[in-house]
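The residues making up each chain are set out below.
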Amino acid sequence: MQKRMLCSLLSALIMLTGVPACVDGCDYKICGAHAPGDIVIGILWPCHQKVKNLHERIRPESFHCSDFDLQSFMISLAAIHEIEEINAAGFLPGVRLGYLMCDTCTYASKALQNVEHMLAVNNSLNVKCDYSDFRPTVKIFLGSLYSEVSIAVARLLTVYMVPLLSSTSSSPELSDKMRYPVFMRTIPSDKHQTKAVAKMMHHFDWNWVGVVYGDDEYGRAAFQSFLRDAEENDVCVAYQEMLPQYLGHSLSMQLIKQVAQQIRSSSAQVVLLILKAELVKVLFEEMIRTNTSRTWIASDAWSRARFLAQMDGINKAGDILGITFASSKSESFDNYLKNLTATPGGYNHFIEEYKNLRFNCTSECFSNQPPSYCATPDLLKIKSGNACNIKDPQEQNDDYLVKTLDTSEAFPNRIAVWAIANSLKKLLKCNNSLCLGEINFPPWKVLQELKKVQFEFDNQNFFFDENGDFVSGYDLVMWERDGRYRRFQRIGKYLVLNKQIELEVENFNWLSTANTTTPQSRCSERCAPGSVKKILNVSCCYNCTQCTEGTYSDAWDLHACKKCPSGTWSLKGWTQCKPRWESYLHWYDPHPITMMAAAAFGILLLFVIFIMFLVYRNYPPMKRAEVRLSCVMMAGLAVSFASVICFMGKPSVHLCRARQLMYAMGFTLCVSCILVKAYRTFLAFLPFGQMTNRQLHKLYKPHVIVSVITALQGIICLLWMIFDSPDIDDTPPSAQSMKNIIQCSEGATYIGFGIMLSYIALLALIGFLLAFKSRKVPQEFSETGYIIFSMLMYLFVWVCFIPVYITNNEEGTAVQASAILVSSYGIIFCHFLPKCYEALFGSKTNTLERILKRWRAQSPNLESEGGIDIDTPGMNIPSLTSARFSISSMTTILRSSETLSDVTPTGSELVIVPMSSEKIRAYPLSNRPRTKMIRRRRRSISF
């Protein structure tokens, strides 16, 4: 039952495909070349470009072809030449190869008609259920040029398992051995070609391209394959247009104009054309007419089309690059083309047609109104200039084909013939003298051997892969300007096995840029290192955004930023990560060097002052400054200066604590001494009552005051160190900075740091207020002016320090060190240097009379209620009221050799007792005549 159904299906297939064998007289119409042989190879090749009036065909009559195709004709001759070469070489001893060549006219139905004719046995093709023993004359088919035709023919030949070997059909669909088990080819599949095209686009940095493909099996399959490969190579399709593969279609020109308009309006400057050469010609004519220039990528179907390279105005079309199969020239084949003749014992009507076109005199065809039988204008170009002087065109030959066409393009067709010959040699069990196998074998047997064949040709090894494809590579060609036309220059190759583009000519001139600069075709400009793509709608259209902090990009057109390795960082838009540089007061930087020099100079200056105070300790300025207190002040200032050194270098926990403790204790000690001096002056001129004065006098204990004040600061620092100790600041660096600021943190809450500074500021403020209250006392009796100025300077410096420290934490270390230096130098300049100056250069004749006169001049209001007379030899002292002064010294207060002969001895005092209505005379405490004195022993306050 199943057998009968299979037979019925086969019968229907044969009937539908026009099985009736050719009748007498139709051989020329169907097949145009033949040579007898023991084994016949069928050649399906289009020597004409199209079938006439195909769109008007309604009856199953003969096909009429037109437009002789010179390039296809040359490739078909390559197969005939190789068959003759094999026969001449005796490659198959005792066996002669023959051929039967039919013109497909690039139309699948015409090719199927040819196949039926070639497979017919005794002019008929019988229907069978089993074709295992089917033995047609033609054992194997060679062809066809286009994949669409090969697909149709392979479908039919699969019924009979007759092998079909192609040298040009590259559709990936034909690699499917389930559907096309009889098909094999001597070229790679288009899946490799589209990979090569996508790789080439990626190599030239083109990611925005247009695609125009044909409405046939070859075009659709190649386009789908290109879409996959383009995505893998970051190439985007700006537009895709399809053209009908048949030029005789009524809407063909209209569609071509629409496609041309799309090409002109698109921003894509690169266009891939997966079309037959005839369609490309019409499209180029439209491009040239509208003066449109683009960079064109040619598929293998037209990448070496010589008639396109010789179009008028082809240089206006722009740059053309192509993918073509590996090729090689043959001197033997070129010589064959120069001496064209039909194979002895056979015929070749295609050679006859070519010679008629080349050498037949048809001068009437060059008139303004040529007859209808004349060839097209393109074919008239091949006419020899000497045609009308030739009697018999068939006897003529020249080198026109060799000069006009690229004969190396026929290389895959020549390989195909040798692949057949090598498989036959295996099948026929040939040795050097004869072939032992059966000549009339079923075609499926040669298919078996063909799949396994491996042979060497032209110093290259060839074999078929599991899909029946060769794995040879592609050549990359560029259409180079050659005067008004173009010529093909091989610029590189694509290796199928390693999937890499290798350019052999790196610097070639482009027509669009007129130099070696590669033309551009991108939807968006490339994203430089340091930035990445932010995709908009398609992957090739994007904005470039800079990498954020902590990330980087080190190559062009990356999709995402890379994270910095641990221990490194980057700023916005960086191309690499670097370790953050540590920021602190380095020993070798100018600013720290300056501050250390200032601190060292301050310590040296204090040492010099200390020496001077010891040397001039008995001089009045030094006595008024209290040498012991001043020495304690110097020690405190020296510690403060030394603390500045601890601010330099890389901070550590111990340095962070040491520098604050040194400053706090040293400066507190210094300020406490200043406070004692201010308090002493204040007590001397108390405006309070007598009881209050006595209580305040009791509090005046300098050593106790200094010790208590300093001890309180010590307690504050101790609590600070225990509960909120300074440490290394662990605040992470700013994301916008490459600086890793290594500095001290003065505690987690800064409370201890604030209390320490506030305590010193409070002492300074109290000293300032006490000094300000006693500001009218003569400078010779006190240091109120110096105290006021130095404390004001200190308060001003540290008031300025606080906002700067808070707002600019990065510079806090340098600011605090500078504040310590300024405030310490302020005390030196206000307290010590004036004393040194007085000791060295001051007047030694400052008498009490001059002091009091100057004071009286400065304070006349003190005489408003009365006066005080101080009777001393030779001078009168103005009377004072409402005031009590106890002027004494630990040693000697005033000494003048010129005016005062007797001076108040040590431990004595000059007491001025204010009275309300009478003058009080003050006398020095001595027994000299004319001196009235009130001598009392009491606690004295030294100025």
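Since the model is a prediction, treat every value here as computed from it, not as a measurement. (Residues numbered from 1 in each chain as written. Predicted model: local features only at pLDDT ≥ 70, side-chain atom pairs only at ≥ 80, totals over all residues. Heavy atoms only, no water.)

## Notes on the state of the cysteines
Counting across every chain of the model gives 11 disulfides. Disulfide partner of Cys-361: Cys-388, at an S-S distance of 1.9 Å. The disulfide joining Cys-361 to Cys-388 has a torsion of about 75° about its S-S bond and is therefore right-handed. On the criterion of sequence distance, the pair formed by Cys-361 in the loop between helix 12 (349-359) and helix 13 (377-380) and Cys-388 in the loop between helix 13 and helix 14 (400-404) is long-range, its members being 27 residues apart. Classification of Cys-361 by relative accessible area gives partly exposed; the value is 33%. At a sulfur-sulfur separation of 2.0 Å, the disulfide partner of Cys-527 is Cys-544. (Disulfide = S-S within 2.5 Å. Helix = DSSP H or I, 4+ residues; strand = E, 2+ residues; numbered from the N terminus. Buried < 20%, exposed > 50% of the residue type's maximum accessible area, 1.4 Å probe, protein only.)

## Describing the pairing of strand 12 (residues 295-298)
Side chains of strand 12 alternate between two faces, with Thr-295 and Ile-297 and Trp-296 and Ala-298 buried alike. For the handedness criterion, the β-α-β arrangement of strand 11 (residues 270-274), helix 9 (residues 277-289) and strand 12 is classed as right-handed. As judged from the 3 bridges shared by strand 12 and strand 13 (residues 320-325), these two strands associate in the parallel manner. Along strand 13, the bridge assignment pairs Ala-298 with Gly-322. (Right-handed = clockwise from strand over helix to strand, strands pointing away. Pairing = 2+ DSSP bridges.)

## Here we look at the sheet that holds strand 18 (residues 485-495)
The 8 strands lie next to each other as 10-9-11-12-13-17-18-19, forming an open sheet whose pairing is mixed. Here the strands that pair on one side only, and so sit at the sheet edges, are strand 10 (236-243) and strand 19 (500-503). Direction aside, the axes of adjacent strands within the sheet are offset by 25° on average. Examined bridge by bridge, strand 17 (residues 474-482) and strand 18 share 9 bridges and lie antiparallel to one another. (Axes fitted to C-alpha atoms, helices over the stretch in contact; angles between N-to-C directions.)

## Description of the nonpolar core
Counting residues in each nonpolar core, the largest one holds 96 residues, and the members touching the most others are Phe-73 and Phe-141. Excluding residues within four positions of it along the chain, Phe-141 makes contact with Gly-42, Leu-44, Val-115, Met-118, Leu-119, Leu-157, Val-162, Pro-163, Leu-164 and Leu-165. Ile-609, Phe-768, Trp-798 and Ile-828 belong to the second largest nonpolar core, which has 73 residues in total. (Core = buried A, V, L, I, M, F, W, Y, C linked by side-chain atoms within 4.5 Å. Contact = heavy atoms within 4.5 Å.)

## Concerning helix 24 (residues 784-807)
Structurally, the α-helix is built with 3.6 residues per turn, so residues lying three or four positions apart point the same way. Compared with an ideal rise of 1.5 Å per residue, which puts 24 residues at 34 Å, helix 24 spans 35 Å between its outermost C-alpha atoms and is within 8% of the ideal. Within helix 24, burial applies to Thr-784, Ile-787, Ile-788, Ser-790, Met-791, Tyr-794, Leu-795, Val-797, Trp-798, Phe-801 and Tyr-805. (Expected span 1.5 Å × (residues − 1).)

## Section: the packing of helix 17 (residues 590-615) against helix 25 (residues 812-841)
Interaxial distance between helix 17 and helix 25 falls to 10 Å at its minimum, and their mutual angle equals 25°. Of the possible angle classes, the one that applies to helix 17 and helix 25 is roughly parallel. The two elements helix 17 and helix 25 meet at a crossing, and its hand is left-handed. Mapping the contact onto sequence places His-591, Met-595, Ala-598, Ala-599, Phe-601, Gly-602, Leu-605, Leu-606, Ile-609, Met-612 and Phe-613 in helix 17 and Ala-814, Ala-817, Ser-818, Leu-821, Tyr-825, Ile-828, Phe-832, Leu-833, Lys-835, Cys-836 and Leu-840 in helix 25. When its residues are assigned to classes, the contact of helix 17 with helix 25 shows 18 nonpolar, 3 polar and 1 charged. (Parallel < 35°, antiparallel > 145°, perpendicular 65-115°, else oblique. Left-handed = near helix turned anticlockwise from the far one by under 90°. Nonpolar A, V, L, I, M, F, W, Y, C, P; charged D, E, K, R; others polar.)

## Regarding the sheet that holds strand 14 (residues 347-348)
Read from one edge to the other, the open sheet built from 7 strands follows the order 8-7-6-2-5-1-14, with strand pairing classed as mixed. Bordering the open sheet on either side are strand 8 (183-185) and strand 14, each of which pairs with just one other strand. In terms of strand pairing, strand 6 (residues 138-142) meets strand 7 (residues 164-166) through 2 bridges, oriented parallel. In the sheet register, Leu-142 faces strand 7, and the bridge partner there is Leu-165. In the packing of helix 15 (residues 411-427) onto the sheet, the strands contacted are strand 2 (39-45), strand 5 (97-103), strand 6 and strand 7, and the crossing angle to strand 6 comes to about 155°.

## With respect to helix 5 (residues 147-160)
End to end, helix 5 covers 20 Å across 14 residues, agreeing with the expected 20 Å (1.5 Å per residue, within 8%). When you tally the buried positions in helix 5, you get 11 out of 14 residues, the bulk of the element. Among the residues of helix 5, Ser-147, Glu-148, Val-149, Ser-150, Ile-151, Ala-152, Val-153, Ala-154, Leu-156, Leu-157 and Tyr-160 are the ones counted as buried.

## Details of the confidence of the model for the protein
Per-residue pLDDT for the protein averages 81, and the proportion of residues at 70 or more is 84%. The low-confidence segment residues 1-29 (pLDDT under 50) makes 30 contacts with residues lying over four places distant or belonging to another chain. Scored below 50 in pLDDT, residues 860-943 makes 144 contacts in the model with residues more than four places away or belonging to other chains. (pLDDT = per-residue confidence, 0-100.)

## So, the packing of helix 19 (residues 627-645) against helix 25
One can describe the packing of helix 19 onto helix 25 by two numbers: an axis separation of 9 Å at closest approach and a directional angle of 155°. If you check the angle between helix 19 and helix 25, you find them roughly antiparallel. Relative to helix 25, helix 19 is oriented so that their crossing is left-handed. The segment helix 19 lies against helix 25, with Ser-630, Met-633, Met-634, Leu-637, Ser-640, Phe-641, Ser-643 and Val-644 engaging Ala-817, Ile-820, Leu-821, Ser-824, Tyr-825, Ile-827, Ile-828, His-831 and Phe-832. Here the residues of the contact of helix 19 with helix 25 sort into 12 nonpolar, 5 polar and no charged.

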